[in-house]
Each structure stands twice: as C-alpha cells, then as structure tokens.
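Fold and contact review
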Amino acid sequence: MKKFLFLAFIAISLQLSAQDLEHYKRCIKELSSAKYQGRGYAEDGANKAGKWIAKEFAKVGAEEVVCQPFTHNINTFPGKMEMSVDGKKQIPGQDFTLREFNPGIKGEFKLYYVDMENYDSEKLFADLASPEYDGAFVVCDFMFSFKHFADFRRLQSKDGCSNAGLIYTWEAPLKFYKAYGDTVKDKPIIWVTPDFPKDAKSVKLNMENKFLENYECFNVIAKVEGRRHDSCYVFTAHYDHLGKLGKKTYYPGAHDNASGTAAIITLAAYYAENTPEYDIYFIAFSGEDANLRGSEWYAEHPIAPLSEVRYLVNLDMIGDNNHALYCEVSDEGMQGYALFEEINTQKSYFEALERSELADNSDHYPFAKRGVPCIFFMNENGDAFKYYHTVYDTWENAIFDNYEPTFNLIKEFIERY
Ligand SMILES: [Zn+2]
C-alpha cells in the first residue's frame, strides 16, 4: 500500500510538472501570436497583451491583480514601410530594419557608396556637397562607420551634411533596436544585410512614422498571499516587445520576453496552489524595450515598499538550450546569489551560473540601483537567442529546455531564503 501511495505521488507530481510546461508553452504561443502584433504600441498590441496577462493571473488564482498605468512618448512605425533598390523590392525585417528614432521619409534618392578602402573624409564631404550627390543616401558598413564616428555623426545631422540619410550594412539576421522613442531625429538610418547590392544607383522609399505623445500603457501586478505579510518576494518579467515595422511585419518576441512572462504566470499558478511563507508579487512590466519605462515607473511608485522586498527575481529570455545561466546581481543580492550557487551546485541544474556586471539591460536595474536585493536571469548564446530582436523570434523558433531547471532553482531558493 505504501509503495502504491508513493508511486501515485510520483505520478501526480510528474503530471503537475508536465502541466506547468504545457501551460508555459501555451502562454508563449498566445503572447507571440499575431493578435498582439509584437506587443508594441502600434494597434495597442502591448496593452492587449497586458489585458490577457491580467486575466491569466486571475485565472491561475492570484488573489489581487491590478494594472498600474503610466505614460510615455514613443516613436512607432505602423504605416507604409516600402523600400526598393534599383527597382527591387526589399522586405521589412528581413532585408532592412530601422533605427527607433527614424523620421518618416518619401522619395527616390541617389546612392553614394563610401570608399572604405581609400577613405578620405574631405573627399566624402566634398562629393556629398556636389550637385551629383546632393541629397543622396550614404551607404557604408556599420563597423567602418564606427571607426570614423565624428564623420558619421555629422552625416546624421541636418546641419552637418545635405545627405538625406544613411544605409548601414550589418550582419544578418537584422536586429531592430530599441524603441526609445522620446525623440525623432533629423535623418533616417536604415540597416541592411551584407547582401545589399554593392553598386546600385538609387533607393526609393516610402516609410511612415507615428510619434505617440503621452501614450498610456500599464504594468500588470498580481499578488499571492503568503503566511506572513511583513516582507515579500517579487518576480518580474517584461511583456512588451518591439511591435511593428510597417503594416504587415511584427516582432513576435517569443524568447524576448514571452518566455519570462510565461514563467512568472506559471510561478503564480504554483504559489496559488502552494502557499508560500511570505507574500509574493508577480509583476509583468510594459515599456522595457522602450528604455525600462515600466520598471522605472513601478520602482518610483511601488505597491509594496521596496524596503520590504526580501528578494526580487527578474526573468528576461529564459527557456533556451544554453548550459550556463547568465545572471546579474545587486550588491544587496549577493547573499542570495550565494544560495542560488549552492542550490545549483547541489542539483546541477546548469553547468554554471555566470555572473556579469550590473547593467541597465533589463527590469532588475531600477531596483538594483535603489538597493533592492535582486538577481536577473537570462539565457544567452542558445539557439533561441540567435533570433534576439529579429522577426525570427517566433513561437516556431522558441526552445523550452531551460524552463524546468530555472523554475526549480527559483522554487528551491524561495523555500530556503
Ligand atoms: Zn527583453
């Protein structure tokens, strides 16, 4: 009988774990679907995703779910996004991407290729001032431009040079950068792959931007009550992503960061079933890919005082198949980090925890700089990470290998810290 009970217990716990994984996958599939158009600001994609997340938190049994609004200025590209080179049509996201601060642009422009072998700054500006190339687009390798930073900064400003914009070649698959969006700069910068023609004559563009002022979005905050309420744990993940590049192209962001959002939803489900010692807050942030706007706002307006946070765990891109777990830790979080290391050594969830310098690269940062004990986990260099900030970060390319070890590492940490 005892043996039977034991087997039954194993069967149930295996089943629960499989359910968690299935739930995790379902959340990623939902959030990276066309419904949310890349969880950006065009077509209200991020806000629609936020509403779904709030419902999901309630569904898994979180006691309180609140939405915390904030506003920011943001430059978006929901409209026309056409580019052709000597008449050959280029595909947004695949053949070209933009800088987040680009203005709209329409017209046909001559192309001027920078002579990278015999570079002569004076000749470059003299050529561009000549009637032949007045108002042209300048084509150059991005790494090369980096070496001549002052010249290329001049090419980027209206007062510095009369060129209409810049085209940089960069490695494929092309990355779309952040959507900082508080400014729109003078001239557009377009990124193209190394396949871009070496001797084309002209580029035809019809690209529209839309600058949204005081656009409202929101963080989603769920709470699961513990036995004690004098301090709390916080799990965070951003749910926004890069949105759209033209009418048809969107950035699904399955790995970045539907994966982390899905993980905190399944953690909420677990703790709603298994009452923790202390209260736990689960926060899905918006505005991360627009310069950590949501987490900065929350850190300034916390629901539970930051001084009461026992530990904060931020997840941004998890579930990939790399063997080491990247982390960043605040000074106040180092004691907790030692425990994470101890658990990982005992259980061998990852080959190593690889700690790096703190950086403002995800939502732990506003908390770290305010002295909150916190850690940031990320999976880099795996097969899903290859598609970071590209149109290929899709549900089909998502990988789930590291989900369970990460989940278990966090769960055991909460039991012991
Ligand atoms: Zn991210």
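Since this is a predicted model, take the numbers as computed values, not measurements. (Residues numbered from 1 in each chain as written. Predicted model: local features only at pLDDT ≥ 70, side-chain atom pairs only at ≥ 80, totals over all residues.)

1. Concerning the domain arrangement of the chain
Put simply, the rule is: Where each domain begins and ends is defined by an automated method or by a domain database. In this description, a residue-residue contact is defined by the distance between C-beta atoms placed from the backbone, which must lie within 7 Å. Where helices and strands are cited, they refer to DSSP runs of H or I of at least four residues and of E of at least two residues respectively, numbered from the N terminus. In this classification, the charged set is Asp, Glu, Lys and Arg, the nonpolar set is Ala, Val, Leu, Ile, Met, Phe, Trp, Tyr, Cys and Pro, and all remaining amino acids, among them Gly, are polar.
Segmenting the chain into domains produces domain 1 (20-76 + 213-416) and domain 2 (81-207). Distance between the C-alpha centres of domain 1 and domain 2: 35 Å. Every contact between the two is made by 20 residues of domain 1 and, on the other side, 18 residues of domain 2. The greatest single-element share of the side of domain 1 that touches domain 2, amounting to 3 residues, is contributed by strand β1 (residues 64-76). Its residues assigned to classes, the side of domain 1 that touches domain 2 comprises 9 nonpolar, 9 polar and 2 charged.

2. Looking at the confidence of the model for the chain
Rules: Per-residue confidence from the predictor is given as pLDDT, running between 0 and 100.
Of all residues in the chain, 95% have pLDDT values of 70 or greater, and the mean over the chain is 94. Below a pLDDT of 50 lies the segment residues 10-15, which in the model reaches 0 contacts outside its immediate sequence neighbourhood of four places, other chains included.

3. Overview of the packing of helix α8 (residues 334-347) against helix α10 (residues 403-416)
Heads up, the condition is: Note on method: axes are straight lines fitted to C-alpha atoms, helices fitted across the in-contact stretch only, with angles between N-to-C directions ranging 0 to 180 degrees. Roughly parallel refers to an angle under 35 degrees, roughly antiparallel to one over 145, roughly perpendicular to one between 65 and 115, and oblique to any angle outside these ranges. For a crossing to be left-handed, the near helix must be turned anticlockwise from the far one by less than a right angle; the clockwise case is right-handed.
At a minimum axis distance of 10 Å, the contact between α8 and α10 shows a crossing angle of 125°. Comparing their axes, α10 and α8 come out oblique. Two packed elements cross with a definite hand, and for α8 against α10 that hand is right-handed. Facing α8, whose interface residues are Leu-339, Phe-340, Ile-343 and Asn-344, α10 presents Leu-409, Glu-412, Phe-413 and Arg-416. Tallied by class, the residues present in the contact of α8 with α10 amount to 5 nonpolar, 1 polar and 2 charged.

4. Focus: the sheet that holds strand β18 (residues 374-378)
To keep it simple, the criterion reads: Strand pairing is assigned whenever DSSP identifies at least 2 bridges connecting the two strands.
Taken together, 8 strands build an open sheet; the order of strands is β1-β10-β14-β11-β15-β18-β16-β17 and the sheet is mixed. Each having just a single partner strand, β1 and β17 (352-356) make up the two edges of the open sheet. The sheet shows a mean angle of 25° between the axes of neighbouring strands, direction not considered. Pairing geometry for strand β11 (residues 228-238) and strand β15 (residues 309-315), over 5 bridges, is parallel. Its bridge partner being in β15, Thr-236 is matched across the sheet by Asn-314. Here helix α7 (residues 293-300) sits on the sheet and contacts β1, β10 (210-224), β11 and β14 (278-285); the angle it forms with β1, its principal contact strand, is near 130°.

5. A closer look at the nonpolar core
Applicable threshold: Here, a nonpolar core means buried Ala, Val, Leu, Ile, Met, Phe, Trp, Tyr and Cys residues linked by C-beta atoms lying within 7 Å of one another. Burial is judged by counting the other C-beta atoms within 10 Å of a residue's own C-beta: 20 or more makes it buried, 12 or fewer makes it exposed, and any count in between marks it as partly exposed, with every C-beta position built from the backbone.
Ranked by size, the top nonpolar core spans 81 residues in total, and within it Ala-263, Ile-264, Leu-267, Ala-268 and Phe-282 carry the most contacts. Counting residues per element, this core draws most heavily on helix α6 (residues 254-273), at 11 residues. Ignoring sequence-local partners within four residues, the contact set of Leu-267 consists of Phe-235, Phe-282, Phe-407 and Ile-410. Formed by 34 residues, the second largest nonpolar core is a distinct cluster that contains Ala-136, Trp-191, Tyr-251 and Val-391.

6. With respect to the sheet that holds strand β6 (residues 137-141)
Spatially, β3-β2-β9-β5-β6-β7-β8-β4 is the arrangement adopted by the 8 strands of the open sheet, whose pairing is mixed. The sheet is open, and its two edges are formed by β3 (88-90) and β4 (96-98), each paired on a single side. Each adjacent strand pair in this sheet contributes to an overall mean axis angle of 30°, direction not counted. Direction of pairing for strand β2 (residues 81-85) relative to strand β9 (residues 202-207): antiparallel, over a ladder of 5 bridges.

7. Things to note about the pairing of strand β5 (residues 105-113)
Both β5 and β9 contribute to a ladder of 6 bridges, which runs antiparallel. Counterpart to Ile-105 in the pairing with β9 is Met-207.

8. Details of the pairing of β10
Two elements, β1 and β10, share 12 bridges in a ladder whose sense is antiparallel. Paired with Asn-75 across the strands is Phe-211, a residue of β10. In this structure, β10 lies alongside β14, joined through 5 bridges in antiparallel fashion. If you follow Lys-223 over to β14, its bridge partner there is Tyr-281.

9. Digging into α10
Going by this rule: How far a helix is expected to stretch is found by multiplying one less than its residue total by 1.5 Å. Throughout, the arc means the angular range of directions from the helix axis out to the C-beta atoms.
Taking 1.5 Å per residue, 14 residues should reach 20 Å; α10 reaches 20 Å between its end C-alpha atoms and fits that length. For α10, the complete set of buried residues consists of Tyr-403, Thr-406, Phe-407, Leu-409, Ile-410, Phe-413 and Ile-414. Projected down its long axis, α10 shows its buried positions confined to an angular sector of 165°, all on one face. Facing away from the buried side of α10, by more than 90 degrees, are the exposed residues Glu-415 and Arg-416.

10. Concerning unusual backbone geometry
Cis peptide bonds are those with omega within 30 degrees of zero, and the linkage from Ala-172 to Pro-173 qualifies with -5°. Along the chain, Pro-173 turns up in the loop between β7 (165-169) and β8 (189-192). A cis amide bond links Asp-256 to the next residue, Asn-257, at an omega of -5°. Its place among the elements puts Asn-257 in helix α6. Unlike most non-glycine residues, Met-317 shows phi in positive territory, near 70°. Position of Met-317 among the secondary structure elements: in the loop between β15 and β16 (324-329). Judged by local crowding, Met-317 falls into the buried class, with 26 C-beta atoms found within 10 Å. Of note, His-389 is a non-glycine position whose phi angle comes to about 60°, a positive value.

11. Thoughts on helix α2 (residues 45-59)
Helix length check: α2 (15 residues) gives 21 Å between terminal C-alpha atoms against 21 Å at 1.5 Å per residue, within 8%. Phi turns positive, to about 105°, at Gly-61, one or two residues after α2.

12. A short note on the environment of Thr-390
Take Thr-390: it is sitting in the loop between β18 and α10. Along the sequence, Thr-390 and Tyr-250 sit 140 residues apart, while their C-alpha atoms lie 9.4 Å from each other. Residue contacts for Thr-390: discarding those within four places in its chain leaves Pro-173, Leu-174 and Lys-175.

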